[in-house]
Amino acid sequence: MQIKEQAKVYDVIIVGSGAGGGMATKVLSEAGLKVAVVEAGPYFDPADPEQMTQMKWPYESPRRGAGTVRPFGDFDTAYGGWEIEGEPYTHKDGTKFDWFRSHMLGGRTNHWGRISLRFGPKDFKHKDVDGLGENWPIGYEDVKPYYDKVDKLIGVFGTNEGLPNDPDGFFLPPPKPRLHELFYIKGARKSNMPVIPSRMSMLTKKINKDRGVCFYCGQCSRACQVYADFSSGSCLIFPAQKNGGQIDLYVNSVVREVTTNEEGRATGVSYISKDDRKEYKLKGRVVVLAASACSSARILLNSKSSQHPNGLGNGSNVVGKYLHDSTGASRAGFIPDLMNRKTYNEDGVGGMHVYTPWWLDNKNLDFPRGYHIEVWGGMGMPGYGFGFNPNEFNKFFGLPTGGYGEGLRSDVKKYYGSVIGFGGRGESIAMKDNYCEIDPTTVDEFGIPVLRFHYKWSDFERKQAKHMQETFEELIHNMGGEVLGDRPPKEEDYGLLTPGRIIHEVGTTRMGDDPKTSVVNKHQQLHEVDNVFVMDAGPFVSQADKNCTWTILALAWRASDYLVDQLKQQNI
Amino acid sequence: MDRRKSLKSLFLGTVAGGLAIHGCKPEAEAVEEESAIQGYSYNYGRTPKEKELIMELENEVFFNEHELETIGVLCALILPANDKFGSATDAGAPAFIEFMAKDIPEMQTTLRGGLMWLDHKSNTDFNLEFKSADEAQQKQVLDAIAFYDPEIPMSEQPLEIQFFSMMRNLTLTGYYTSKMGIEDLGYQGNMPNIWDGVPEEVLEQHGVSYDEEWIAKCVDQSKRGVIAEWDEHGNLLT
C-alpha cells in the first residue's frame, strides 16, 4: 500500500483541535500562516442540530441518559471515554491509570466543566516552597499577559479577590448562588473556610458580537448551541475560519508520527484516515503537537528514525515521564434543612456557582500541596438513576425504607434537592516513575503502537485524600446534615480516585531549561528539533491545585506568538 | 436536500457506511446518511455508531409477552395513578425497562428470575399467576419483599428483595424521566431563562439569606446584553 502524499506544503500542521490546538489554530492562522489541523475524530459544531444534545429531555434518549455508551451519560458531549473500541492501552506492573480521550473537533473542550483557574505565582515555583518536584522555567509574570488576553477573548466569570495564589483577572460578573450553595457558604464559614464565586468560562454577559449570552440551562457538558461557553471549535477555530484564516481541517485523521528528514528535522506528519483506512502524509514547515499530553507523547515516541532512535525529541528519555493527574475524592451529604423544597428553575450555569480555593498552610499538615473544593447539588433535571432508593433517607428518621405505592411520590418530592456533594481536586507531585511508554506488543486498529502506563499514587496524595474526607464530613455536619456512606478506609486510599479519573493528565513532555531533564524549552519547542512544538498540557512541570485548561490556552497563545516571531526571523 | 435525502434512503443498507468522507470535508453528509436508518426515530445528537446500537437493541426482544404484562402490572402497583397523574405504566415505564434490560444485560437474570419468583410465590399461595391475582393478593406478595434493611448491602439481601428494589428503581426512573413524571415532580428547568437568584420566599422557608456584599459582585441581568469592557485593573466598566 502506497502512502498518499499531498503536494501542498503547510506553514504549520497542528495535531489536535482541543484547547491547545484551537488556540494555536487561531493565533497562527491570524498571523497569515497556512495551517492544517489534523483531528482524530469527526467534525463537530455545538450549533449543528444533528449533533446537538443540549435542551433535550431525558425521554428523548431510550436509556434516559444512562452512561452505558457515553461515560458521563447519553447527553454528554464527548465522543469517546476511558475505553474506546479498537484503541486500547495497557498497564505495567499491575498499576492503574485510566485514560480519557474525546475524538471530535474541539476534543474535550466540548464537555468539560469549564472551571477556569489561573495558576498562581507559587504554582510555577513550588519546589522553592517545599523542595518537591521541579520549578517551571517560567513564572506567573511570564504567563499573566496571556491569561489576561485569554480572559478577554474567551470570557470567564469570577471576582477579583486579591488572593495571593489565585490571581485576579478580567472577569465577567458571576451568577448568584443557588440555595444549596448558600448552605455551603454558611457551613464553610463555620470552619473558617473561604468560599468565593466560581471562575468558569460561560458568558454571563456579552463578550463580542459572534457569541450568545448564557441562558442558564445548566447543560454546559452538552456544548452550547449559542456558543455561550468555551469550546475550542466555537470560540477559536470557527472564528479563525471566519476571519479568513487559511485553515484546512483534516477530520477523522489519526496521526501516526511526525515525519523527519535526513537532518532529523520535521517535515510533516503521517496519518491514517478513519474513512478509508489508508495512510496519508502531510508536509509542513512546522509541526505543533496538541493531541493531549499522552497522545502527543505517544506520537513523539512512535516517531523513530535513525536520527531519533529513541523517538522524536527523546534523547533525554523524558518523553512520557512525569505524567500526573489531579487528585480527586468525593463525598455527599443529606441536608434535612433542604427537604420539602418549592420547585423553581435553578439550573443556572452548568456546574457550581461558588467554590473554595485552597486555604491552608501545609506547614501544619502531613501532606504537600493543596486542593480546591467543588460543590454540587440542587433540583436538577431527572435522568437515569433519578428515584433510585427513593426513600433511603427515611433511615435517618427511623422510618422504613422501600415499599411501593402513592407514598413513593411524596417521598421523591420530599427529598428532591436535599443532597449536597463535594469534589476535592488537588495537586499531586510529578514523579519520574509515573509515566507512559510505547507497548511494543500491542497496536490499535490503525496499526499504531499503543501506550502502556505505569502510575502509582504516593502517601502524599493518599494523605491529601484523607484530609478531603475529613473536611467534607466537617462541612456536612456544619450544615446539619448526614454524611452518606462510610469514609473510604486506608485500604481504599481514602476514596482517592484512580489516576486519570479527574482527566487533568499533564507533564509528559515537560518544560525546562536543561535538555537532559526536559523535553521542551520554555517556548514549548522541542530541545532537539526546533520545528516541533508541543502545545497541550504535556509541557506542564506541575499541575497545581487548579484545572489545566486556562493554562493550556495561555501557554499555547504564548508559544504561538513565539513561533510566529521565529518564523518571521527565519530562525525556523 | 429533501430529494437527496429520499434518494439516499432508496440505497439504504447497501451504501450506508461505505461512503468515504474525505479529510477536508465536514461529515455533515455522513450524519445525514445515517439518520435515514430504518425505523430510527430519535433526535438527540447520536453518532452513526450510536444510532446503530440503539437500533440493534430496539430490534432485539428480551421479555416475552407474559413477562411484559407482569411488568406492566408491577409498575402500576409500584407507582399507581392518582387524581392528577397516571401510573408508571401509563408513563411508559415497561418499555423503558425492556430497553434497559438489553442496554445493561447484567440486570437480566435478576429481572427475569424475579418475575419467575413472583409467579411461583403467587401460584403457591393463590394458585394464580401474579398478574392474574387480585390486587389484595398481589400486595400480599409484594409486602414481603418491598422493604429492605438499609444497613445491609443490597447485594447481600435475598434475591426477591434485590429484584423488587431493582424494579422499583427502574420504575421510578422510568416515570420521573417521562414527560408526565417531570410535570408531576415540578422540575421547571431545561428552558432558556435568566437566573437571578433564589426566590425570596424560598430563602425565608429555609432560613438563609444573601450577603449584600456578595450580591453586589454578581451579574446585573439588565446589562447582560452589553458587551463587557474593563479598565486595566480588571474592573468591569459596563
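Residues numbered from 1 in each chain as written. Chains lettered and ligands numbered in written order. Predicted model: local features only at pLDDT ≥ 70, side-chain atom pairs only at ≥ 80, totals over all residues.

S.K.: What am I meant to see in the overall build of chain A here?
M.R.: On a plain count of helices and strands, chain A comes out with ten helices and 19 strands. Here chain A has a C-alpha radius of gyration of 24 Å; the compact-globule value for 572 residues is 25 Å, and the two agree. Taken over the C-alpha atoms alone, chain A extends approximately 75 × 55 × 45 Å along its principal axes. Taken across its 572 residues, chain A has 60% of its residues classed as buried. (Helix = DSSP H or I, 4+ residues; strand = E, 2+ residues; numbered from the N terminus. Rg over C-alpha atoms; globule rule 2.2 N^0.38 Å. Buried ≥ 20, exposed ≤ 12 C-beta atoms within 10 Å, placed from the backbone.)

S.K.: Explanation requested: the overall build of chain B in the structure shown.
M.R.: Within chain B one finds eleven helices and one strand. Beginning at the N terminus, the succession of helices and strands in chain B can be written as α-α-α-α-α-α-α-β-α-α-α-α. Within the span of chain B, comprising 238 residues, buried residues form 30% of the whole. Partitioning the intrachain contacts of chain B with sequence separation of at least 6 by distance along the chain shows that 49% fall at a separation of at least 24. (Contact = placed C-beta atoms within 7 Å.)

S.K.: Mind showing me how you'd approach the sheet that holds strand S16 (residues 435-443) of chain A here?
M.R.: Whenever strands of a sheet pair, they do so through backbone hydrogen bonds, lying parallel or antiparallel. Residues and elements named next belong to chain A. Strand order in the open sheet formed by three strands is S4-S17-S16, and the pairing between neighbours is mixed. Edge strands, defined here as strands with exactly one partner in the open sheet, are strand S4 (90-91) and S16. As defined by bridge partners, S16 adjoins strand S17 (residues 449-454) across six bridges and the pair is classed as antiparallel. By the bridge assignment, Tyr-435 is partnered in S17 with His-454. The strands touched by helix H7 (residues 293-302) are S16 and S17; relative to S16, the strand with the most contacts, the crossing angle is about 60°. (Pairing = 2+ DSSP bridges. Axes fitted to C-alpha atoms, helices over the stretch in contact; angles between N-to-C directions.)

S.K.: Can you walk me through the nonpolar core in this structure?
M.R.: It is characteristic of soluble globular proteins that their nonpolar side chains tend to be buried jointly. Residues A:Ile13, A:Ile14, A:Val15, A:Val38, A:Val287, A:Val288 and A:Ala556 are the most contacted members of the largest nonpolar core, which totals 125 residues. In terms of residues, this core owes the most to one element, helix H10 (residues 549-568) of chain A, which gives nine residues. Counting residues in hydrophobic clusters, the runner-up holds 73 residues, among them A:Leu182, B:Ala101, B:Phe163 and B:Leu172. (Core = buried A, V, L, I, M, F, W, Y, C linked by C-beta atoms within 7 Å.)

S.K.: Got a minute to help me understand the interface of chain A and chain B in this structure?
M.R.: Interface size is commonly expressed as the accessible area that is lost once the parts come together. At the junction of the two partners, chain A supplies 90 residues and chain B supplies 74 residues. When residues of the side of chain A that touches chain B are traced back to their parent elements, those giving at least two are helix H5 (179-190), strand S7 (247-250), strand S14 (401-402) and helix H8 (406-415) of chain A. Top element by residues in the side of chain A that touches chain B is H8(A). It accounts for five residues. In terms of residue class, the side of chain A that touches chain B is made up of 44 nonpolar, 24 polar and 22 charged. (Nonpolar A, V, L, I, M, F, W, Y, C, P; charged D, E, K, R; others polar.)

S.K.: Mind showing me how you'd approach unusual backbone geometry here?
M.R.: Residue and element names in this part refer to chain A. Phi at Asn-252 is positive, roughly 50°, even though this residue is not glycine. As for its placement among the helices and strands, Asn-252 is situated in the loop between S7 and strand S8 (253-260). Positive phi values are uncommon outside glycine, yet Tyr-322 reaches one of about 60°. Considering the arrangement of structural elements, one finds Tyr-322 in the loop between H7 and strand S11 (327-334). Look at Tyr-322 and you get buried, because 28 C-beta atoms sit within 10 Å.

S.K.: I'm lost on the environment of B:Ile145 in this one. Help?
M.R.: Residues and elements named next belong to chain B. When you line up the elements, Ile-145 lands in the loop between helix H7 (135-143) and strand S1 (147-148). Residues Ile-145 and Pro-94 lie 51 residues apart in sequence; the distance between their C-alpha atoms is 20 Å. With residues near it in sequence (within four places) discarded, Ile-145 still touches Glu-160, Ile-161 and Phe-164.

S.K.: Is there a simple way to think about the pairing of S17(A) in this case?
M.R.: Two faces make up the sheet, and in a regular strand the side chains alternate between them. Residue and element names in this part refer to chain A. Pairing between S4 and S17: two bridges, direction parallel. Paired with Thr-90 across the bridge in S17 is Arg-452. Following S16, the chain reverses through five residues before pairing antiparallel with S17; Gly-447 in that reversal takes a positive phi of roughly 80°.

S.K.: Would you explain the confidence of the model for chain B in this entry?
M.R.: Caution applies to low-pLDDT parts of the model: their predicted coordinates are not meant to be read in detail. Residues and elements named next belong to chain B. With 85% of its residues at a pLDDT of at least 70, chain B reaches an overall mean of 88. Confidence drops under pLDDT 50 across residues 1-32; counting only partners more than four residues distant or on other chains, this segment forms 31 contacts. Confidence estimates for the predicted assembly give a pTM of 0.94 and an ipTM of 0.95. (pLDDT = per-residue confidence, 0-100.)

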